[in-house]
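Structural characterization, general
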Amino acid sequence: MTLDDFKHVLDTYGSSRNSWPQEIQDDCAKLLTEDAQARALLQSQHRLDAALDSLTVPDFRDLEAHVMNQPLPPRDRALVDRLVEWLLPDSTSLSELWRPAMAACVPLVFGIVLGNYFSFGVVDETNGFENWDDELLMISFADVDQGQLEL
Amino acid sequence: MTGEETDEELMLAVCDGDQSAYRILVKRHLTSISHYAFRLLGNQRDTEDISQEVFLRLWTNASKWQPEKARLSTWLHRIAHNLCIDFMRKHGRTVIDDEPTKLDIRDEDYTSSEQEPDTDDRTQRLNSALSTLPENQRSALMLCHYAGFSNKEAAAIMNVSVKALESNIARARRTLKDLLEENDTMRGDTETIG
């Protein structure tokens, strides 16, 4: 490790050895024992950190009470949570039973609507007859005695 | 609620509308949030407004916190950071990386823990140097030095890469160190002349 590398470590991580990356701590320690300039740099960094530590902030005496007692609005809840709460309300009133009942009917209604619009590959078994009248007519032909027709 | 619950347990309770859980979280995190906001904004009144807003958002957006992605303190500092940036933009303070930001720091706002004249002078100089640091450099220094976040966490709070954060913090430290050394040299010269 060079002196410039060590200077960069001090500028980036500060003077506390514990905050230096683990993998370079040994290199830094070695440099500090060998190089007086490195020790001077560390000393200078110590002075800065001590000066920063000497700055204190005011005592926000009433702030905690203000924050704790501020009026809390309703929370932005997830859409799913709100939907579940609406469908399954906490109160067990009968007047609200229509909600889960309606939710249970939704798949049924959906199935009916879907089935009404799509055939899903189901083959029409009327064998080409367009309506019941045609089919009844054909059945009536089948019942006619062949001998009677020849007459 | 006993106050021994984890942040995660308390946040679940907040999601269910438990105000006592909210109060415990306020007690636990308000100091670090208000100190961070003060160090960015530099005055007491704005700090109080921002702190109140941060905890209001904790209450309203509790379900949006993802414990597997970030600690609660990281999430709250991120909210505070964004609110402070918005506030500074609204009030005409520049937040461009390389532009210094002039803060409205009054003498009575910042205090020194020591009362010696030399220390007071140094504190004042440090305050004024801090107030002229670009916002990104100041935030990086505040998060890592005072709030004790790792560089990775601080980068997540500021929504920048770790490299960018490390560059910001190094530049901030260099500026402050140069200033303090210059100050010490000047004082030495004065004493020699005297």
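Higher on the page you've got the structure.
What counts, and where the lines are drawn
Residues numbered from 1 in each chain as written. Chains lettered and ligands numbered in written order. Predicted model: local features only at pLDDT ≥ 70, side-chain atom pairs only at ≥ 80, totals over all residues. Heavy atoms only, no water. Core = buried A, V, L, I, M, F, W, Y, C linked by side-chain atoms within 4.5 Å. Buried < 20%, exposed > 50% of the residue type's maximum accessible area, 1.4 Å probe, protein only. Helix = DSSP H or I, 4+ residues; strand = E, 2+ residues; numbered from the N terminus. Contact = heavy atoms within 4.5 Å. Salt bridge = Lys/Arg side-chain N within 4 Å of Asp/Glu carboxyl O. Buried area = accessible area lost by both parts, 1.4 Å probe. Polar contact = N/O pair within 3.5 Å; in protein donor to acceptor, adjacent residues only side chain to side chain. Nonpolar A, V, L, I, M, F, W, Y, C, P; charged D, E, K, R; others polar. Axes fitted to C-alpha atoms, helices over the stretch in contact; angles between N-to-C directions. Parallel < 35°, antiparallel > 145°, perpendicular 65-115°, else oblique. Left-handed = near helix turned anticlockwise from the far one by under 90°. Patch = residues over 30% accessible without salt bridge, like charges linked within 9 Å, V, L, I, M, F, W, Y side chains within 5 Å. Areas by Shrake-Rupley, 256 points an atom, 1.4 Å probe, with all protein chains shown as cover.

1. A few points about the nonpolar core
Residues Y22, V54, F55 and L176 of chain B are the most contacted members of the largest nonpolar core, which totals 62 residues. Looking at which element gives the most residues to this core, the answer is helix α2 (residues 19-41) of chain B, with 12 residues. The residues touching Y22 of chain B, leaving out its near neighbours within four places in the chain, are V67, M68, Q70 and L72 of chain A together with V14, F55, L58 and W59 of chain B. Core analysis: the next-biggest nonpolar cluster, separate from the first, contains 11 residues, V9, L10, L31 and L42 of chain A among them.

2. Focus: the pattern of salt bridges
Tallying each qualifying case throughout the model produces 7 salt bridges over all chains. Put simply, D11 of chain A and R174 of chain B hold a salt bridge, and the shortest N to O gap is 3.3 Å. Residue D11 of chain A is located in helix α1 (residues 3-13), and its partner R174 of chain B is located in helix α8 (residues 162-193); the two belong to separate chains. Judged by its relative accessible area of 1%, D11 of chain A is buried. The class for R174 of chain B is partly exposed, based on a relative accessible area of 36%. Note that R57 of chain B is salt-bridged to E53 of chain B, the shortest N-O span being 3.0 Å.

3. Here we look at the interface of chain B and chain A
Contact residues are listed per partner, giving 50 residues for chain B and 32 residues for chain A. Sorting the residues of chain B by area buried against chain A places Q52, R173 and K177 of chain B first, and these three jointly supply 15% of that buried surface. Where chain B packs against chain A, one counts 3 salt bridges. Between D11 of chain A and K177 of chain B there is a salt bridge, with its nearest N and O atoms 3.0 Å apart. Across the contact surface, chain B and chain A share 14 residue pairs in polar contact (both at pLDDT 80 or more). Counting only elements with at least two residues in the side of chain B that touches chain A, the list comes to α1 (7-15), α2, α3 (44-60), β1 (111-112), α5 (117-132), α6 (135-146) and α8 of chain B. Residue composition of the side of chain B that touches chain A, grouped by class: 18 nonpolar, 18 polar and 14 charged.

4. Describing the packing of α1 of chain B against α2 of chain B
Residues and elements named next belong to chain B. Remark: α1 packs on α2, axes separated minimally by 8 Å, with the N-to-C direction vectors making an angle of 140°. Taken together, the axes of α1 and α2 are oblique relative to one another. Read as a crossing pair, α1 and α2 show a hand that is left-handed. On α2, the residues touching D7, L10, M11, A13 and V14 of α1 are A21, Y22, I24, L25, R28 and H29. Among the residues making up the contact of α1 with α2, the classes are represented as 8 nonpolar, 1 polar and 2 charged.

5. Observations concerning the environment of A140 of chain B
Residues and elements named next belong to chain B. Mapped onto the elements of the fold, A140 is located in helix α6. Among the residues examined, A140 registers a relative accessible area of 0% and is labelled buried. As a C-alpha pair, A140 and A154 span 14 residues in sequence and 6.7 Å in three-dimensional space. Each residue touching A140, except ones within four places of it in the same chain, is listed here: M158, L165, N168 and I169.

6. Digging into the environment of S139 of chain B
All names here are of chain B. Assignment of secondary structure puts S139 in helix α6. Put simply, S139 and L40 are 99 residues apart on the chain and 6.7 Å apart in space, counted from C-alpha to C-alpha. Filtering out sequence-adjacent residues up to four positions away, S139 remains in contact with Y36, L40, H81 and M158.

7. Overview of a nonpolar patch on the surface
All names here are of chain A. A contiguous nonpolar patch, built from V109, F110, V113, L114, Y117, F118, F120 and V122 and spanning about 880 Å² of accessible area, is present on the exposed surface. Note that L114 resides in helix α6 (residues 98-117). For L114, a relative accessible area of 31% corresponds to the partly exposed category.

8. Observations concerning unusual backbone geometry
Residue and element names in this part refer to chain B. At N159, a residue that is not glycine, the phi angle is positive and equals roughly 60°. Topologically, N159 is positioned in the loop between α7 (151-158) and α8. On the accessibility criterion, N159 (57% relative accessible area) is exposed.

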